[in-house]
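Chain and residue survey
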Amino acid sequence: MSFDTISVVGLGYIGLPTAAVFASRKINVIGVDISEHAVETINKGEIHIVEPDLDMVVHAAVKEGYLRAVMKPESADAFLIAVPTPFTEGNKPDLSFIRSACDAIAPVLSKGNLIVLESTSPVGATEKMADWLAEARPDLSFPQQSGEDSDVRIAHCPERVLPGNVLYELVHNDRVIGGMTQKCSELAAKLYNVFLDGECVITNSRTAELAKLTENSFRDVNIAFANELSLICDEQGVNVRELISLANRHPRVNILSPGAGVGGHCIAVDPWFIVDSSPDTAKLIRTARNVNDYKPMWVVSKIKDLIKTMENPVVAYLGLSFKANIDDLRESPSLQIVEEMEKEQCGKILVVEPNISVLPPVLKQSALTDLETAMKKSDILVVLVKHKEFVSNREKIISAKGKLLDFIGLVE
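Here goes a summary of the coordinates provided. (Residues numbered from 1 in each chain as written. Predicted model: local features only at pLDDT ≥ 70, side-chain atom pairs only at ≥ 80, totals over all residues. Heavy atoms only, no water.)

1. Considerations on the environment of F225
In this structure, F225 sits in helix α9 (residues 205-236). Since its relative accessible area comes to 48%, F225 is described here as partly exposed. The spatial distance from the C-alpha of F225 to the C-alpha of I30 is 43 Å, given a sequence separation of 195 residues. (Helix = DSSP H or I, 4+ residues; strand = E, 2+ residues; numbered from the N terminus. Buried < 20%, exposed > 50% of the residue type's maximum accessible area, 1.4 Å probe, protein only.)

2. Comments concerning the sheet that holds strand β11 (residues 314-318)
Here we have 5 strands laid out as an open sheet, ordered β13-β12-β11-β14-β15, and parallel in their pairing. The outermost strands of the open sheet, each flanked by one partner alone, are β13 (366-368) and β15 (403-406). Across the sheet, the mean angle separating the axes of adjacent strands is 20 degrees when strand polarity is ignored. Judged from the 5 bridges that link them, β11 and strand β12 (residues 348-352) form a sheet pairing that is parallel. Opposite A316, over in β12, you have L350 as the bridge partner. Against the sheet, helix α12 (residues 283-307) contacts β11, β14 (380-383) and β15, and its axis sits at roughly 170 degrees relative to β15. Sheet strands in contact with helix α13 (residues 333-344) are β11, β12 and β13, and its direction is about 165 degrees off that of β12. (Pairing = 2+ DSSP bridges. Axes fitted to C-alpha atoms, helices over the stretch in contact; angles between N-to-C directions. Contact = heavy atoms within 4.5 Å.)

3. With respect to the nonpolar core
Grouped together as the largest cluster of nonpolar side chains are 42 residues, with contacts concentrated most on L67, L191 and Y192. When residues of this core are assigned to their parent elements, the largest contribution, 6 residues, is made by helix α1 (residues 15-24). Counting residues in hydrophobic clusters, the runner-up holds 28 residues, among them V9, I30, C102 and M129. (Core = buried A, V, L, I, M, F, W, Y, C linked by side-chain atoms within 4.5 Å.)

4. Structural notes on the packing of α12 against α13
Here α12 crosses α13 at 45 degrees, and the two axes come no closer than 9 Å. By the angle class used here, α12 and α13 are oblique. You can see that α12 and α13 cross each other, and the crossing is right-handed. For the pair formed by α12 and α13, the contact residues are P296, M297, V299, V300, I303, K304 and I307 on the first element and P333, Q336, I337, E340, M341 and E344 on the second. Class assignment of the residues belonging to the contact of α12 with α13 gives a composition of 9 nonpolar, 1 polar and 3 charged. (Parallel < 35°, antiparallel > 145°, perpendicular 65-115°, else oblique. Left-handed = near helix turned anticlockwise from the far one by under 90°. Nonpolar A, V, L, I, M, F, W, Y, C, P; charged D, E, K, R; others polar.)

5. Describing unusual backbone geometry
In this structure, K26 is a non-glycine residue whose phi angle is positive, near 65 degrees. Assignment of secondary structure puts K26 in the loop between α1 and β2 (28-32). With a relative accessible area of 47%, K26 lands in the partly exposed category. Of note, E331 is a non-glycine position whose phi angle comes to about 55 degrees, a positive value. Within the element layout of this structure, E331 appears in the loop between β11 and α13.

As structure tokens, then:
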């Protein structure tokens with residue numbers, strides 16, 4: 001089977017780069033999104049997110065006619081679903097976006113199609129997706145019904161890229177391909193090999209789902225160790241970064257650097273999917289999540305302690321995204337910290353976030369400003385994200401008139 005047309009459902013931080021990379025290989029790509037703004041922006045050859053070099057790839061793909069965006073799915077040879085999978089109250093997985101994507105593509109499916117779920121998902125989500133599609137299209141057969149002889153092939157291939165380096169990692173990282181049958185896996189591997197320099201490693205859908213959750217849970221546990229060390233060091237009057245530097249001189253120790261918390265759609269979310277499916281067994285994973293979820297509130301307490309010593313201070317928060325040099329605010333501990341400080345109503349709040357032009361609606365009492373203004377006007381500078389703009393102005397930030405609270409190691 002050849003892939004003449006590929007549909008990518010969800011044109012966010014993963015879907016749009018994926019669509020653009022396929023289109024750069026001279027494949028016709030139809031991007032689908034429910035956001036009219038995203039669709040209009042992409043069809044003008046522009047992008048609605050921040051990702052290095054993505055604007056050039058999208059512009060070329062649209063100009064050459066290989067990429068276009070729509071709000072309603074159309075027929076294609078393969079469908080990649082890259083929609084959000086957040087969690088609800090009580091940290092329960094929310095698969096409603098996947099269900100909506102299934103409802104949207106079901107009417108245009110045909111025999112021979114491949115459907116790949118890229119969204120990070122709890123174990124069993126790919127099978128649920130197959131059941132939803134089978135319910136919507138009883139005229140077609142699916143792997144859970146007909147095995148290797150199914151009309152439609154279904155697989156899970158989780159994304160595993162780093163924001164800020166997505167285009168490189170999409171092409172060069174290995175991909176885990178979890179088909180519901182061997183033929184499903186083989187067809188999915190053929191699809192990704194259109195652009196992949198890395199290896200397609202084949203397994204089943206459940207193992208592929210758990211592999212992605214495991215990768216991010218491993219990172220979460222390691223970050224939690226560093227964050228908990230920072231709390232202990234604060235109690236003991238020890239410089240945590242000096243401590244970690246000394247400990248890391250051991251040939252088999254590599255402790256990470258603590259921060260203001262853990263954000264993003266992956267590390268801050270994925271471990272809860274494991275906890276939800278194995279609540280009595282995932283003790284360490286749950287504890288790590290609790291440690292990292294607590295860290296922003298600890299940061300808030302430190303800011304409040306300093307504010308108490310001043311009268312109506314101006315406080316500038318440097319960084320709002322969940323990690324350095326991107327505009328992604330999803331599950332951002334920095335955003336949570338500023339939200340909490342708004343609730344406290346103690347001092348005027350300035351926010352410096354060079355990757356956005358407008359503050360999110362949840363911040364109603366803060367003002368977005370530039371670094372120079374913040375350094376001139378602030379009584380307190382709170383460093384929450386290690387953006388390159390802050391690193392390059394490190395000496396200016398240190399020598400600014402305001403008191404400095406550095407939670408990410410800008411001053412080392």
